[in-house]
Amino acid sequence: MTRASLNRTLRRAYVGLGLVLALALAAKFADRVPGIAGTPVESAALDLYDYLKDMALVFVTVVAAYLANVFQKRSKFVESLEEEWRGIVRTKSALFAFCEKPDASADDYIAAFCRISEAIDNMRIVYRNVGETDDLVGLYPYAPLHDMRRALQSLNPRKRSDLTDGDRKLARDAILQSFYALRENFLEELDLREPDNPLLISGGRRLKRPGSTRRALRRQDRQRIRQNSTPGAREDVDAFLSGLYQAEQGLAERDTARKA
């Protein structure tokens, strides 16, 4: 279920729920409306209100089950979409690696072609063709995948023995261009948002200083004292690990002092 389908379904559910609530409100106060009070319409309205009140639990249960089914379909669709995208990314990497091999064999080509073929066919479990009917095949929803396939086929070593570095570079650039175009449109369905804590600078580094709180250090000391009070299974191992720990801590302190 795409995002547009989900929104349409939710709108219909909200409109239906709003109509039922409005109808129940009108029936509740029908006896106060001039021209209706004391008429058969008032009696019918009150009967309708009583019916809606008695059926409220059933109505809410049905709506809740329907919406749960809708969101479950959406969740499965997004999961399939994410898996398909992972397959496309792996396919792009395989095609890129093939283009970078100056001595790619026929077996390398067959492996790469099978990968792009799988990515193309796996799209069927996510989307149907655009404009597809009972009589018409329709258009493949993401044509850049076929562009990537055609670029790969231009490097088929079984049909061409005169491939140059320029041919491989052109095919590689065409594959990357097609992949970037596909990524720009394919990922829109996933409702991606900006991260709350992005790291936007090149050469980013950790800003926290080595060390811990006094409470944690005191806890560490208590654990060390408790352990030292009991005989060790291997005193040579304990001494070895203690020496490594002290050396590492001394190195970290020197690095901190040098940066300061």
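Remember, predicted model here, so these are calculated numbers, not experimental data.

(A) Spotlight on the overall build of the chain. When helices and strands are counted, the chain shows 8 helices and 0 strands. Reading the secondary structure of the chain in the N-to-C direction produces α-α-α-α-α-α-α-α. In terms of overall size, the chain is more extended than a compact globule, its C-alpha atoms giving a radius of gyration of 33 Å where 260 residues would be expected to give roughly 18 Å. Dimensions along the principal axes, computed over C-alpha positions, put the chain at roughly 95 × 75 × 40 Å. Put simply, of all contacts in the chain between residues at least 6 apart along the chain, 68% involve residues at least 24 apart. Accessible surface computed for the chain: about 19,400 Å², of which carbon and sulfur atoms make up 56%. Charge-centre separation for the chain: the mean point of 42 positive side chains lies 7 Å from the mean point of 36 negative side chains.

(B) Looking closely at the packing of aromatic side chains. The tally for this structure, following the rule as stated, stands at 8 aromatic pairs. Consider the rings of Trp85 and Phe186, whose centres lie 5.5 Å apart with planes at 25°: the pair is stacked. Residue Trp85 is located in helix H3 (residues 56–100), and its partner Phe186 is located in helix H6 (residues 165–186); the two are separated by 101 residues in the primary sequence. Across this residue pair, the class does not change: Trp85 and Phe186 are buried. Above the ring of Phe179, the side-chain terminus of Lys92 is found at 5.0 Å from the ring centroid.

(C) Representation of the side chain of Glu189 in the model. Examined against the element boundaries, Glu189 turns out to sit in the loop between H6 and helix H7 (214–228). Within polar-contact distance, the side chain of Glu189 engages the backbone nitrogen of Arg3 at 2.4 Å. Residue contacts for Glu189: discarding those within four places in its chain leaves Thr2, Arg3, Arg74, Phe77, Leu81 and Tyr127.

(D) Just the pattern of salt bridges, in detail. Per the counting criterion, the structure on display carries 16 salt bridges. One salt bridge connects Glu132 with Arg128, and the closest N-O pair in it is separated by 3.9 Å. Since its relative accessible area comes to 32%, Glu132 is described here as partly exposed. Ionic pairing is found between Arg234 and Asp236, a salt bridge with its closest N-O pair at 2.7 Å. Each member of the salt-bridge network shares a partner with another, and the members are Arg3, Arg74, Glu189 and Asp191.

(E) Molecular detail of a positive patch on the surface. A surface patch of like charges, here positive, comprises Arg214, Arg215, Arg218, Arg219, Arg222 and Arg226. Its place among the elements puts Arg226 in helix H7. Taking the relative accessible area as the measure of exposure, Arg226 reaches 53% and is therefore exposed.

(F) The packing of H3 against helix H5 (residues 144–153), seen in detail. Packing of H3 against H5 brings their axes to within 11 Å, and their N-to-C directions diverge by 20°. Judged by the angle between their axes, H3 and H5 are roughly parallel. H5 is crossed by H3, and the crossing has left-handed handedness. From H3, Ile88, Lys92, Leu95 and Phe98 reach across to H5, where they touch Leu145, Met148 and Leu152.

(G) Spatial organisation of a nonpolar patch on the surface. On the surface, a cluster of nonpolar side chains totalling about 340 Å² of accessible area is made up of Leu17, Leu21, Phe59 and Val60. Within the secondary structure, Leu17 sits in helix H1 (residues 3–28). For Leu17, a relative accessible area of 34% translates into the label partly exposed.

(H) Focus on the environment of Leu192. As for its placement among the helices and strands, Leu192 is situated in the loop between H6 and H7. Classification of Leu192 as exposed rests on a relative accessible area of 55%. Between the C-alpha atoms of Leu192 and Ala151, which are 41 residues apart in sequence, the distance is 30 Å.

(I) Geometry of the packing of H5 against H6. Between H5 and H6, whose axes approach to 9 Å, the crossing angle comes to 170°. Between H5 and H6, the angle is such that the two are roughly antiparallel. When H5 is examined against H6, the residues Pro144, Leu145, Asp147, Met148 and Ala151 are found in contact with a partner set consisting of Ala171, Ala174, Ile175, Ser178, Phe179 and Leu182. Residues belonging to the contact of H5 with H6 are distributed by class as follows: 9 nonpolar, 1 polar and 1 charged.

Thresholds applied
For every chain, the first residue of its written sequence is number 1, and the numbers climb from 1 along that sequence. For a predicted model such as this one, the threshold for reporting local features is a pLDDT of at least 70, and the threshold for listing and counting side-chain atom pairs is 80 or more; totals across whole chains, interfaces and linings nevertheless cover every residue. With hydrogens and water set aside, each side-chain value is computed from the structure's full complement of heavy atoms. Only DSSP runs of H or I with at least four residues qualify as helices, and only runs of E with at least two residues qualify as strands; both kinds are numbered from the N terminus onward. With the radius of gyration taken over C-alpha atoms, the globule rule is written as 2.2 Å times the number of residues to the power 0.38. By definition in these notes, contact holds between two residues if any of their heavy atoms fall within 4.5 Å. Areas reported as accessible are Shrake-Rupley estimates using a 1.4 Å probe. Residue values count occlusion only from the protein chains shown. Note that His is not counted, nor are the chain ends; the positive residues are Lys and Arg, and the negative ones are Asp and Glu. All charge positions are set by atom: Lys at NZ, Arg at CZ, Asp at CG, Glu at CD. Two aromatic rings, drawn from Phe, Tyr or Trp (for Trp, its six-membered ring), form a pair once their centres lie within 6.5 Å of each other, and the interplanar angle then sorts them: stacked below 30 degrees, edge-to-face above 60, tilted otherwise. Relative accessibility decides the category of a residue: with a 1.4 Å probe and only protein chains considered, values under 20% of the type maximum give buried, values over 50% give exposed, and everything between is partly exposed. Each ring is checked for a lysine NZ or an arginine CZ that lies within 6 Å of its centre and within 35 degrees of its normal; such an atom marks a charge sitting over the ring. In protein, a polar contact means a hydrogen-donor-capable atom and an acceptor-capable atom, both N or O and within 3.5 Å, with residues adjacent in sequence counting only if both atoms are side-chain atoms; elsewhere, any N or O pair within 3.5 Å suffices. What counts as a salt bridge is simple: a side-chain nitrogen of Lys or Arg found within 4 Å of a carboxyl oxygen of Asp or Glu. Only residues whose relative accessible area exceeds 30% and that form no salt bridge enter a patch; like-charged residues are grouped when within 9 Å of one another, and nonpolar side chains (Val, Leu, Ile, Met, Phe, Trp, Tyr) when within 5 Å. To get an axis, fit a line to the C-alpha atoms, keeping to the stretch in contact for a helix; angles then go from 0 to 180 degrees between the N-to-C directions. In these notes the angle categories are as follows: under 35 degrees is roughly parallel, over 145 is roughly antiparallel, 65 to 115 is roughly perpendicular, and the rest is oblique. Helix crossings fall into two classes, left-handed where the near helix is turned counterclockwise from the far one by less than a right angle and right-handed where it is turned clockwise. As a working rule, the residues Ala, Val, Leu, Ile, Met, Phe, Trp, Tyr, Cys and Pro are called nonpolar, Asp, Glu, Lys and Arg charged, and the rest polar, with Gly in that last group.

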